[in-house]
Every structure is written in structure tokens, then in C-alpha cells.
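Observations on chain architecture
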Amino acid sequence: MQMIRLKVLIGGAVQGVGFRPFVFRLAQELALKGWVNNNSQGVWIEVEGAQDVLKVFLLRLEAEKPPHAFITSLEHSWLDPVGHSTFEIRPSEAGEKTALVLPDIATCKDCFCDIFDVSNRRYRYPFTNCTHCGPRYSIIEALPYDRAHTSMKGFPMCPDCQKEYEDPANRRFHAQPNACPVCGPQLEWWDSDGKPLAQKDEALRTAVQALQAGHVVALKGLGGFQLLVDARNEVAVQKLRQRKHREEKPFALMFPSMESIRAVCDVSALEERLLKSPEAPIVLLEILSSGLNSAIAPGVAPNNPFIGAMLPYTPLHHLLMADLGGPIVATSGNLSDEPICIDEHEALERLRGIADFYLVHNRPVVRQVDDSVARIMVGRELVMRRARGYAPLPIMVRRSLPPMLAVGGQLKNTIALSRGKAIFVSQHIGDLETAAAFEAFQTTLVSLQGLYGHHPETIVCDAHPDYQSTQFARKNGLPVVAVQHHHAHVAACMAENDLEPPVLGVSWDGTGYGLDGTIWGGEFLSVTGVSFRRLATFRSFRLPGGEKAIKEPRRTALGLLYEMFGPEVLTMGDLAPVKAFSATELRIIGAMLEKDLNAPVTTSAGRIFDAVGSLVGLGQETRYEGQSAQRLEWSLRGVATEAAYPMRLDRQMDPQEVIHNISNAHGAAGNPQASIIVDWEPLIWGILEDVRRKIPVGIIAARFHNSMVEAVIGVARLVGQERVVLTGGCFQNRYLTERAVGRLVREGFRPYWHQRIPPNDGGIALGQLAAAGWSQAALRRETGQDKPAGLSAQ
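First things first, this report covers the structure right here in the doc. The shown structure was predicted, so the numbers you read here are calculated from the model rather than taken from an experiment.

**Brief notes about the overall build of the protein**
In terms of helices and strands, the protein carries 23 helices and 32 strands. On C-alpha atoms alone, the protein measures out to a radius of gyration of 28 Å, which is about the 28 Å that the 2.2 N^0.38 rule sets for 794 residues. Seen along its three principal axes, the alpha-carbon backbone of the protein occupies a region of about 90 × 70 × 50 Å. When each of the 794 residues of the protein is scored for burial, the buried share is 63%. Looking at the protein alone, contacts between residues at least 24 apart form 72% of all its contacts between residues at least 6 apart. Counting every atom, the protein has about 28,900 Å² of accessible surface; 51% of that belongs to carbon and sulfur.

Below is the structure:
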């Protein structure tokens, strides 16, 4: 029989998923000889046997790969045999770092059974894992993925664990974080000064008692600290709100089981699948009318018909929830607007005055990874905060990109780096408005680049000169590309949906730096890749008080009404936003608007949502971002109408006149004005008339949403571009997105929206790299150069 040698290099998410054990077992089954190992590029395999058998081996590699693995490349070559006598797993090799790091994976069914089986040596052990589940991204320090390159390196395996690790028939065969009560990490229970009061299982049971007694417990979890209270205890919930400075924003809840979630929430089959998925995100669910009872305290989600629910995703959480028997608030371990703590000694300082006790462990968390948030929309999942379970898996693009780094925006910051055809997007970092948040941004940047040995040639940022991320980019010393904010939103959705230009991008959010120095946010862009045209935008209006208007929809409403009525609006005492101010406040606001003082101009769709919420009386002030728009969406429940208010489309100029390239994002050539103005004045007249007639708020809200969708349809008809991309924070609104998708399809257009990358500013870094990549490719085509030569250096 003719022997031949097959050499295979597999790239993708193939480390930390049991790929080498799978290859070992497959080779043994087929009686093949050779070896497999991890290296920084993925998995190397060298195997010898009959060619027909090796072809079967090659086909089965892809067809039968482990469930959490995915293959992005498989290169193989046929060579002369060298006479291998066995098949073995060899030590890993270093090299160029291109392998994919897997996200942290929720506890599998087998490990769940282990921790609740009294005869199992891992009974009630909170750090149980195997090749199918457990920590990955939160513990890895370097590639390749081996125990010596993780925070488990300080826990040598005991003989029993080592035997499992070396047994091809065991599911813990080469499970890098493998551990047990004898050799693995352990729990401790600390008081507020860090004094240990209990260890191991006693620490866990004491934590349950503390939660039952109404205390706030800081738990060191998978990717950092969580703050926990009993979700049935209103006093405890309010205590946490007061200490965390979180007035009304709903808390996420962890439930012990699907049955306990169904007792409180309406759960569809798709939502249940998402809750039970290996990613195990927080899922936005509607509360049953019968759910607002003793099952959860009112303070968990005040005046909110939705809550974020999740199931336990680590053995520690499973044990805690089983002992407690009811839902807990499980919110990020931080003060509002700060990153989560990952170190127990840091937590003692930063969470002092918030937590009463600390349930900690001695396995280091390498990088902060918050809980992801998702919801079901248009029959599929939409990730609203991308972190645990999703990061740092890449978005694959069609063309290889030079090494670039994108630093994202100011809010909901993420960073991204390009490597070949892969764009790696970091976990959610947060708003870069505090020193702690900016430090976390820099730490994440160093960590992600270090993991992949990434050395960028170019740094990409937002066009806003005052963003912390932009200022960081301009001090970095590398050539800088500035990408306009809404261009980046569209490019992110295009990259995720594997779309090549051109498209019509509908980019709606609260704020973004416009090329004319105003605040954009209601944009219709023709994106051709390196350039875009601002085809349409909403009629502009002023925001009296600037940043204050974001937290006070009444100010936004007055700014919008001032455009219609002028100073007379300040005397219209029957209007809700006017009634919300004192006479002195109205005079001050009137002076701002009349003299153009601290009243920036905006076209923001998000602010239009705020203004309408104020006009219909759904709230004149907000306690957290997006609250006013959410109130409008909530009021739609149970309402069905096709009616819409009119909206006028005024053509201003030929769109050919307004082309903008990313390379001139500051002071772009051409006129930044849009060719079509979407005038909201007829819409507002309709709303004011319906308010006067006391039409139910839900009906008004539905007509308003329908009107916004019809604006999309109207512009799409005028433009004539079949492919329409829906992006920006406004499209987290399920009604808006689902209606827009449905109407576009009925009108013969092809809509695209987000799935695994958030439509909000969490997707900006991806869009920055996608847009910069188009620019790099265009420059190479024009110059014939393989590498960029000073592109967009600013």
C-alpha cells in the first residue's frame, strides 16, 4: 500500500474548543500516524497513511469539527512520508499570531451535571470546565492557547486532572483550564475591608445567606465583578440604586432556570434559544402583566415593560442560583459610567461604599469582559452590547487589509484591529468620559494588540476632534485616517453583511460630528466606499443648552417648536414642554435660541424621538441614555395602525455636488449640505393636533414611527438604490426596524441591518476599519503600490 504524508494548517477559532483532541481521536479511528499541535496561526497537522484514507480524514475534519469551532482557512499539501510510528499531540509552537481566540463559553450540560452530582469529585466545584465550555478570552495572556499562556498557569494540575488531560477518551483531554477542588482556584468570602471570613463552599453558602438578608454582594465572576442583590427584595434593590448612582435604568436579572424566567416574562422560542446559547447574553424580554408581582421588586425596572434576563453561565453562578432559588440583580461591578473591576483589591477601593461583602476567587481575570446584551428583532438576534460570548471573534471581509487600528468613538467604545481578511473587534469598553474608562480603553488596546502581535501602519478614528479616542489617535505618531461618524455606522453594517459599495445608508442616532461643524444624526448617505454623498437629512433645529438637551427632552422639543413658531412658542402654555419650565427658565431658553447662544444645530433623528416623547407627555427629563425614545417604543404595545403623519421631502441640489472622502474628513471638499431635506414640520403639526384631540399616546407614537419609516421609503424611491442599510442607535428600536424592513421589502428594496455587531456606537470601530480599508484599496489601485503611502495623514 502506497503511503503518503498530508500536511494541514487550519486557521480560525480552533484553539480552546477541543480541536486537537478531536484530531487525535479521528486519526486513531482511521489508524493514521503523525502529530497535531497548536501554533500562533491555528492548528498544524501532519499525518501519514493511504491517500484514500487521508482524503476521508480531510473531509471529516470540516464535517465533524467540535461544535464551538469554526474554520476560516484550511491549507493542505501532499508530501513524501517520513515514517511516523504513532499519532501524538505535540507541544505548541510560537510564530506569527493569526489564530483566533475563542470567547468565553457558557457551562455545558455535562459540566452542569458534574457540579450537582454528589458522587462526582467536582461536586459543587465552581470552576469546573471542559473542552466544550469555560473561560477562554478572559484568561488568555498570549497565543498559542496553552495553559502556560493563561491565568491558570499558577494552578498545576493534580494527578487526577493530569490523567483526564492526557486521556483521549475524556472530554477534558487537553482542556487548558482543567481543574478540580484539589488543584484549582478557590473561593473566599471577604468583609468590606477585605478580611477573609470563609473559604470554598462555605464562602458560597455564606454569600447566599447575605443575599437573602438584603446585603449587596460583589462577586468576582468570569470577566470581572458583578454587584448582586436579591431581585425580590425592594429595599435591597433601592439600596443598590442609591449606592451605584443609578436612578431609573433597569437592572439586568439572572434567573435560576427557564421556568423562573417564564414566570415573569413572555419568552418566544427564538428568545429561549438565545438565552440557552453558548454565548448566554442578557436578553431583552417583555414582562408579563402577571410578572409585576412578588417575583421581582418594582425597583428592578421602574415604569419599564422590559427587563434584561439571563441564565447562569458559569458553575459559580449555577451553584449560587440553585441555592438562592430566585432571581438576582446581576449588574456590572462599577459606579455608573465606569468600567467593571477585574481585580479583588481594586474592587475593595472602587466598590467601597457600594458592596457590603465580596465573594472572590484567586484565578486572575486577564481582561474585563462585561455581559453581552441582545434582543430578537426581525426574527433573528441583534447584539446591542458585544462582550462576553462574542468578543473577540472577528468579522471576515473580502479583501486582505493592511495592519490598521481603529479606536472607535466616545460612547459605547470598542476598538478594532485588522489582520489580513479578519477584523477583530474588542469587547465593550464603555463611555470614555472618566479617567477610569480611558485607562480601560488604553489597557484593552495594549491587550488586544499584544495578543495578536499587532503593529499597525495606520490608526483610524472619528472625525470629532474632541473625542478622547480621536485625541489619542492624533498623539500616537502614526498616520491618521478620520472617518465621519455616520459613514462609519453604514460601513460597519456593510462589513457585517458582507456588502460591497454602493448602498443607501440610513444612519440615525443621537449625535455625530458633521462635516459642517453641526451635530448630524438623521442621515441618508450614498456610500461608495472611500467616499459618500449626504443625499438627505432631516431639517435642522437647535438644542437650547447643548448637552443639557440630551437629558431634557423638553429642551429639544422647544428647539424644534422654535423653528416652527419662533419666540411665540414660549407663550404656548398648553404644550407639555412649555409647561415643564418656569417663566424664568423660558426667558433664558428664549434668549439662547434668539441669540444663538449655547444652542447647537442638529439634524439628529434621536433628538426628534426625544422631542416627540416630550410633546406627548411621556417625560420631560431622562435618567439614562435613550429613555425618552424607549418610552415611545413601549407605548406601542398592543397598538396596530398603518396611519402615518405627512413628511415633506424638499430637493435642494444635485447630489453629485456633495461627495466626501474619508481622507478630507476635516474641511471636506464640496458643500456638506444634503441634496434632500426631510421636513418634519407637517409631522409635528399632526402630532400637536392629535394631542389636542386627546388621541391615545400609543396611537400617536405608532403614527410617528410609521412616519419615520415612510421618510426612509420616500428617500429610497428618490435615490433609486436597491440596497438599503439601516444603522445607528435608533435602529435598536424593534418596532422601527421591523416596520422599516417590512416596508422596504414590500416596496422592492433589499434591506440590511445589524446582527452580531451593535447598531449603536459599539460598531463604530468596525466601520472605521472597513471604510479605511476601502480607501487603502483605492489608493493601491490608483498607484499600483502594495502598501499605503501616507494615506490621509493628518
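Let's pick the thread back up.
**Notes on the packing of helix H18 (residues 605-615) against helix H21 (residues 697-719)**
Packed helix pairs are characterised by how far apart their axes lie and by the angle those axes make with each other. Here H18 crosses H21 at 160°, and the two axes come no closer than 11 Å. Classed by the angle they form, the pair H18 and H21 counts as roughly antiparallel. The crossing of H18 and H21 is right-handed. Contacts between H18 and H21 involve Ala605, Ile608, Phe609 and Val612 from the former and Phe704, His705 and Met708 from the latter.

**Quick word on the sheet that holds strand S4 (residues 70-79)**
Read from one edge to the other, the open sheet built from 5 strands follows the order S4-S1-S3-S2-S5, with strand pairing classed as mixed. Two strands bound the open sheet, and with one partner strand each, they are S4 and strand S5 (87-89). Taking the axes of each pair of neighbouring strands and ignoring which way they run, one obtains an average angle of 15° across the sheet. When strand S2 (residues 33-39) meets S5, the two strands line up parallel, connected through 3 bridges. Its bridge partner lying in S5, glycine 34 is registered against phenylalanine 87. Helix H1 (residues 19-29) contacts strand S1 (3-13), S2, strand S3 (42-50), S4 and S5 of the sheet and is inclined by roughly 170° relative to S5. Seen against the sheet, helix H2 (residues 51-63) touches S1, S3 and S4 and runs at an angle of roughly 150° to S3.

**Describing the pattern of salt bridges**
Counting across every chain of the model gives 54 salt bridges. A salt bridge links arginine 273 to glutamate 381; the nearest nitrogen and oxygen atoms lie 3.0 Å apart. One end of the pair, arginine 273, is in helix H8 (residues 269-275); the other, glutamate 381, is in strand S17 (residues 380-385), with 108 residues separating them in the sequence. Judged by its relative accessible area of 12%, glutamate 381 falls in the buried class. Arginine 692 is the partner of glutamate 689 in a salt bridge, and the nearest nitrogen-oxygen pair spans 2.4 Å. Separated by 3 residues within a single helix, glutamate 689 and arginine 692 lie in helix H20 (residues 681-692), roughly one turn from each other.

**Some words on the sheet that holds strand S18 (residues 394-401)**
What the 5 strands build is an open sheet, ordered S18-S20-S19-S21-S22; its pairing is mixed. Since the sheet does not close on itself, it has two edges, and those belong to S18 and strand S22 (480-483), each with one partner. Within the sheet, the average angular offset between the axes of one strand and its neighbour, ignoring direction, is 30°. The pairing of strand S21 (residues 458-462) with S22 spans 4 bridges and is classified as parallel. Counterpart to cysteine 461 in the pairing with S22 is alanine 482. Each of strand S19 (404-406) and strand S20 (416-425) is contacted by helix H11 (residues 435-452), which is oriented at about 155° to S20, the strand it contacts most.

**Let's talk about the pairing of S21**
Within a regular strand, side chains alternate between the sheet's two faces. For S21, the buried fraction is high: 5 of the 5 residues fall into the buried class. As paired strands, S19 and S21 are joined by 3 bridges and run parallel to one another. Counted as the bridge partner of alanine 406 is valine 460 from S21. With helix H12 (residues 468-474) bridging S21 and its parallel neighbour S22, the resulting β-α-β unit is right-handed.

**Observations concerning the side chain of histidine 317**
Mapped onto the fold, histidine 317 is located in helix H9 (residues 315-324). Relative accessible area serves as the criterion here: at 0%, histidine 317 is assigned to the buried category. Contacts of histidine 317, omitting those with residues within four sequence positions, involve Leu219, Gln226, Met254 and Pro312.

About the thresholds
- Every residue gets a number counted from 1 within its own chain, in the order that chain's sequence is written.
- Per-residue local features of the predicted model are confined to residues with pLDDT of at least 70, and side-chain atom pairs are confined, for both listing and counting, to 80 or more; whole-chain, interface and lining totals are unaffected and use all residues.
- Based on all heavy atoms of the structure, the side-chain values leave hydrogens and waters out of the count.
- Segments assigned H or I by DSSP are reported as helices when at least four residues long, segments assigned E as strands when at least two residues long, and all are numbered from the N terminus.
- Here the globule rule reads 2.2 Å times residues to the power 0.38, and the radius of gyration is calculated from C-alpha atoms.
- Per-residue accessibility, obtained with a 1.4 Å probe over protein chains only, is compared with the maximum for each type, and a residue is labelled buried under 20%, exposed over 50%, and partly exposed between these values.
- By the convention used here, residues are in contact when the closest approach between their heavy atoms is within 4.5 Å.
- For the accessible areas, the method is Shrake-Rupley and the probe is 1.4 Å, while residue cover comes only from the protein chains on display.
- To obtain an axis, a line is fitted to C-alpha atoms, over the contacting stretch when the element is a helix, and the angle between two such axes runs from 0 to 180 degrees between their N-to-C directions.
- Should an angle lie under 35 degrees it is considered roughly parallel, over 145 roughly antiparallel, and from 65 to 115 roughly perpendicular; all remaining angles are considered oblique.
- For a crossing to be left-handed, the near helix must be turned anticlockwise from the far one by less than a right angle; the clockwise case is right-handed.
- Between any two strands, at least two bridges found by DSSP are needed for them to pair.
- Salt bridges are identified by distance alone: a Lys or Arg side-chain nitrogen within 4 Å of an Asp or Glu carboxyl oxygen.
- Whether a crossover is right-handed depends on one test, that the path from the first strand over the helix to the second runs clockwise when the strands point away from the viewer.

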